[in-house]
Amino acid sequence: MKNDHKQLLHLEPQSGWLNDPNGLSCFGGKYHIYFQYSPDSPDGSGRKCWGHFESPDLLNYRFTGTVLYPDTPDDRSGVYSGCGLVKDGLLYLFYTGNVKEEGEHDYITSGRGANVILVTTGNGHDMSEKRTLLRNSDYPEYCSCHVRDPKVWEEDGRYRMVLGARTLDDRGCVLYYTSDDLLNWTYDSTLFGGDGSYMWECPDEFVLSERRFLSVSPQGVPHGEFMYQNVYSSGYFELRDGEPRDYREWDCGFDFYAPQSFEAPDGRRLLIGWMGIGDIPYTNPTVSQGRQHCLTLPRELTAGREGGIYQRPMRELNALKGRPVSLADGGTLEAGLPFYFASLAERERFKLTFEDMLEMSFADGVFNLRFTNDKVGCGRDIRRAKIGRFTGIEIVADTSSLEIFLNGGEAVMSTRFYPGEMTVRLHSDGIEGSVYPLRAMEVIRDE
Ligand code: FRU
């Protein structure tokens, strides 16, 4: 069967462009997943809005359409990224209203308004009036006009907000504000990166097993062999005594950026990322069908013993699994998409091939994902993860994406891929595992 690259397990718009996940929250018995949405074009041009999915269980979704438009003077050039917080039976959504002034500007040091705007909703899709809470004049004088992506949380009876920013001397940083009522915000402090970046986007701060983490998406850090392989990075620091330590990338595949975390009703911290990045040197053929990009699966986060955060595909996925088929060492198997593959034994080296498409291999402490067919990779070549020992691999393969979890989620690689058919031929050399067919999730679309 021909593969039309429409995802069966990952949220994507039917037409238009998607980027960052926004406003992730649980409210009124439902999960709410908003996202940066350009309904007018698959290349991200045109109006930048928020689209909205809701779901009782992360498996059955309803797309309620575009819920926030750039229709006021304070957000007229885009309803940019932001977050959600539930209080007194209302969902509070904070976002950046982007404003590009007319005239001669570089839009870094002048010509750009970056307003923190609040709306509330009682049902997830009908929004209140917009209310501007912070403007450029409220940010420290060393900030450029690039200040955005508020993330708000409650801590010790107060509210805190973190914003991503670029300083006038091109350093990535985050700004902290505090509030007692979610409406009036006072500047508190700045945390500078010192990582060689010029901008930190989409910050998120959270506590896991009593350890505090700051997630950021840094731009401008020079490429390395195992780190910063993509145009922009995305990772987290552990905050110890207020200092950011031990930056680790969330995902070292080709397509991952601007993730956001939130807490599920059962206490799990879930993370969803954009399975895409801006300004990439590779392409996505879905553009010819009028759409581009999707979100990652929700991932469950746990704090690892050695400093890092482990990511696993949400356990809800188990409900979609069919009967497994074994892939023997040296064997070949025709697997229908979507599927889940798992091999949970230690190996010194192996190669797992998706024939005529790509190969995954492990040797000398390094895991490689390498495309062998450019029709399938569309400009993607190789990504590496230095993992030392190999203790297992899980792959969630959708019609046009792979999420690869290594060593129980110690390292993750996500990529789009574009097979021509709905099946892939797996070949194993030095590894055995099980392939579980996956049922599609349900998405009802109001528009
Ligand atoms: C990250 C980002 C955010 C911004 C949004 C605009 O991908 O650049 O910083 O708010 O996208 O769509």
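We now turn to the structure provided with this report. (Residues numbered from 1 in each chain as written. Predicted model: local features only at pLDDT ≥ 70, side-chain atom pairs only at ≥ 80, totals over all residues. Heavy atoms only, no water.)

**Notes on the site of the ligand**
Move 1: As a structural note, the neighbourhood of the ligand is formed by N19, D20, Q36, K48, Y80, S81, R148, D149, E201, C202, Y257 and W274.
Move 2: At a separation of 2.8 Å, an oxygen atom of the ligand approaches a polar side-chain atom of D20.
Move 3: Within the side chain of D149, one N or O atom sits 2.6 Å away from an oxygen atom of the ligand.
Move 4: In isolation the ligand has 320 Å² of accessible area, and contact with the protein removes 90% of it.
Move 5: Those elements that place two or more of their residues in the shell around the ligand are strand 1 (16-27), strand 5 (79-87), strand 9 (143-155) and strand 13 (199-208).
Move 6: Of the residues belonging to the shell around the ligand, the class tally is 4 nonpolar, 3 polar and 5 charged. (Near = heavy atom within 4 Å. Polar contact = N/O pair within 3.5 Å; in protein donor to acceptor, adjacent residues only side chain to side chain. Areas by Shrake-Rupley, 256 points an atom, 1.4 Å probe, with all protein chains shown as cover. Helix = DSSP H or I, 4+ residues; strand = E, 2+ residues; numbered from the N terminus. Nonpolar A, V, L, I, M, F, W, Y, C, P; charged D, E, K, R; others polar.)

**Side note on the pattern of salt bridges**
Between side chains of opposite charge, a pair can form when the charged atoms approach closely.
Move 1: According to the stated counting rule, one finds 38 salt bridges in the structure shown.
Move 2: Notably, a salt bridge pairs R212 with E155, separated by 2.6 Å at the nearest N-O pair. With R212 in strand 14 (residues 211-219) and E155 in strand 9, this pair connects stretches of sequence that are 57 residues apart.
Move 3: The class for R212 is partly exposed, based on a relative accessible area of 24%.
Move 4: A salt bridge links R158 to D180; the nearest nitrogen and oxygen atoms lie 3.0 Å apart. One end of the pair, R158, is in strand 10 (residues 158-167); the other, D180, is in the loop between strand 11 (172-179) and strand 12 (186-192), with 22 residues separating them in the sequence. (Salt bridge = Lys/Arg side-chain N within 4 Å of Asp/Glu carboxyl O. Buried < 20%, exposed > 50% of the residue type's maximum accessible area, 1.4 Å probe, protein only.)

**Quick word on empty space enclosed by the protein**
Move 1: Per the stated rule, a full pass over the model turns up 4 cavities of 30 Å³ or more.
Move 2: One number sums up the size of the largest cavity: a volume of about 90 Å³.
Move 3: Around the largest cavity, the lining comprises 14 residues; the ones closest to its centre are G82, D149, C202, P203 and Q260.
Move 4: Listing elements by their share of the lining of the largest cavity, those giving two or more residues are strand 1, strand 5, strand 9, strand 13 and strand 17 (257-263).
Move 5: Taken together, the residues that form the lining of the largest cavity break down as 6 nonpolar, 4 polar and 4 charged. (1 Å grid on protein atoms, 1.4 Å probe; cavity = no way out; pocket = protein on both sides within 12 Å on 5 of 7 lines; lining within 4 Å. Points joined across faces, edges and corners; volume = space filled by probe spheres on them.)

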